[in-house]
Amino acid sequence: MATQSPFSLLEDLFNRASATLQPPPWVVDEVQNRVVLLLNHVLQQEPEAMTRLVRQKGSVVLVQWRSFHMSLVATPAGLLDRATPGMRADLTLTITETSPLALAQQALRADKPGVRIEGDVQLAAEVNWLVDHVRWDLEEDLSKLVGDTAAHTVGNVVRSAAATLRQFVGQRPGADKAPA
């Protein structure tokens with residue numbers, strides 16, 4: 001008798017829930033505002049990223065995954081803001097992997113998800129540069145709250161846990177098979 005993986009059970013549960021349950025618009029709005037704040041915080045730590053975004057000011061990027069979507073516009077300050085409704089996207093990025101579990105596994109392996117790209121080639125190149133070169137220094141931010149030593153200790157614990165989780169995900173049955 002074949003047993004079903006708990007991972008596939010979780011994925012099936014997520015698929016059924018996301019098909020029937022949709023968050024209220026105010027929740028989506030607030031989450032998107034928080035995402036913009038986080039992205040801008042990270043961008044401000046990398047002056048080259050801001051310089052690249054200044055060159056793209058006014059350009060709109062639409063990011064889509066399943067039924068979720070978010071439009072961002074580059075500001076003259078080299079940061080991001082939510083695009084106003086009705087603004088035409090210069091670049092559309094659609095994440096092609098529909099499984100949240102597969103996306104999480106790719107993130108744990110530090111792989112980029114499959115993305116369908118439509119629109120401005122130069123803007124796509126700038127977005128790709130940002131994805132490849134801009135990283136959130138969470139340990140630095142944490143050190144402002146708890147001090148350098150404690151932040152470094154927490155960072156080491158998180159890195160160790162992430163490595164163990166990556167190893168676990170890599171050892172799960174079927175993890176070495178290429179997706180069909």
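Here's a quick rundown of the structure. In this text the structure is predicted, and so the values were computed from the model without any measurement.

**As for unusual backbone geometry**
Then comes step 1: With a phi angle near 50°, Arg66 is a residue other than glycine that sits in the positive phi range.
Then comes step 2: Its place among the elements puts Arg66 in the loop between strand 1 (60-65) and strand 2 (68-74).

**Looking at helix 5 (residues 121-133)**
Then comes step 1: Here helix 5 spans 18 Å end to end across 13 residues, near enough to the 18 Å set by a 1.5 Å rise per residue.
Then comes step 2: For helix 5, the complete set of buried residues consists of Leu123, Ala124, Glu126, Val127, Trp129 and Leu130.
Then comes step 3: Looking at the buried residues of helix 5, the elements they touch are helix 2 (25-44), helix 3 (47-54), strand 1, strand 4 (91-95) and strand 5 (115-119).
Then comes step 4: Residue Asp120 occupies the N-cap position of helix 5, its side-chain oxygen lying 2.9 Å from the main-chain nitrogen of Gln122.

**With respect to the pairing of strand 4**
Then comes step 1: For strand 4, the buried fraction is high: 4 of the 5 residues fall into the buried class.
Then comes step 2: Here 4 bridges tie strand 1 to strand 4, and the two strands are oriented parallel to one another. Its bridge partner lying in strand 4, Val61 is registered against Leu91.

**A look at the packing of helix 3 against helix 5**
Then comes step 1: One can describe the packing of helix 3 onto helix 5 by two numbers: an axis separation of 10 Å at closest approach and a directional angle of 165°. Classed by the angle they form, the pair helix 3 and helix 5 counts as roughly antiparallel. Note that helix 3 runs across helix 5; the crossing there is left-handed. Between helix 3 and helix 5, the contacting residues are Glu48, Ala49, Arg52 and Leu53 on the first element and Glu126, Trp129 and Leu130 on the second.

**Section: the packing of aromatic side chains**
Then comes step 1: By the definition in use, this model includes 1 aromatic pair.
Then comes step 2: A ring pair is formed by Trp65 and Phe68, whose centres lie 5.7 Å apart and whose planes are at 10°; its orientation type is stacked.
Then comes step 3: Residue Trp65 is classed as buried on the basis of its relative accessible area of 15%.
Then comes step 4: Its relative accessible area of 37% is what places Phe68 among the partly exposed residues.
Then comes step 5: One residue, Arg52, lies across the ring of Trp129, its end atom 4.1 Å from the ring centre.
Then comes step 6: In this structure, Arg66 is placed above the aromatic ring of Trp65, and the distance from its NZ or CZ to the ring centre is 5.4 Å.

What counts and what doesn't
Residue indices begin from 1 for each chain and proceed along its sequence in written order. Predicted model: local features are reported for residues with pLDDT of at least 70 only, side-chain atom pairs are reported and counted for 80 or more only, and whole-chain, interface and lining totals are derived from all residues. In computing side-chain properties, one takes all heavy atoms of the structure into account and sets aside hydrogens as well as water. Each helix corresponds to a stretch of at least 4 residues labelled H or I by DSSP, and each strand to a stretch of at least 2 residues labelled E; elements are numbered beginning at the N terminus. Every helix has an expected span of 1.5 Å times one less than the residues it contains. The rule is simple: take the accessible area with a 1.4 Å probe, protein chains only, and divide by the maximum for that residue type; under 20% is buried, over 50% is exposed, in between is partly exposed. By the convention used here, residues are in contact when the closest approach between their heavy atoms is within 4.5 Å. Under the rule applied, a polar contact is a pair of N or O atoms within 3.5 Å (in protein, one hydrogen donor and one hydrogen acceptor; residues adjacent in sequence only if both atoms are side-chain atoms). Paired strands, as defined in this entry, are two strands with at least two bridges between them according to DSSP. Axis definition: a line fitted to C-alpha atoms, over the contacting stretch in the case of helices. Angles run 0 to 180 degrees between N-to-C directions. The scheme is simple: roughly parallel for angles under 35 degrees, roughly antiparallel for over 145, roughly perpendicular for 65 to 115, oblique for anything else. When the near helix sits turned anticlockwise from the far one by under a right angle, the crossing is termed left-handed; a clockwise turn instead gives a right-handed crossing. Note on aromatic pairs: the rings of Phe, Tyr and Trp (six-membered ring only in Trp) are paired at centre separations within 6.5 Å, and the planes decide the class, stacked below 30 degrees, edge-to-face beyond 60, tilted for the rest. We call a charge positioned over a ring when the NZ of a Lys or the CZ of an Arg lies within 6 Å of the ring centre and within 35 degrees of the ring normal.

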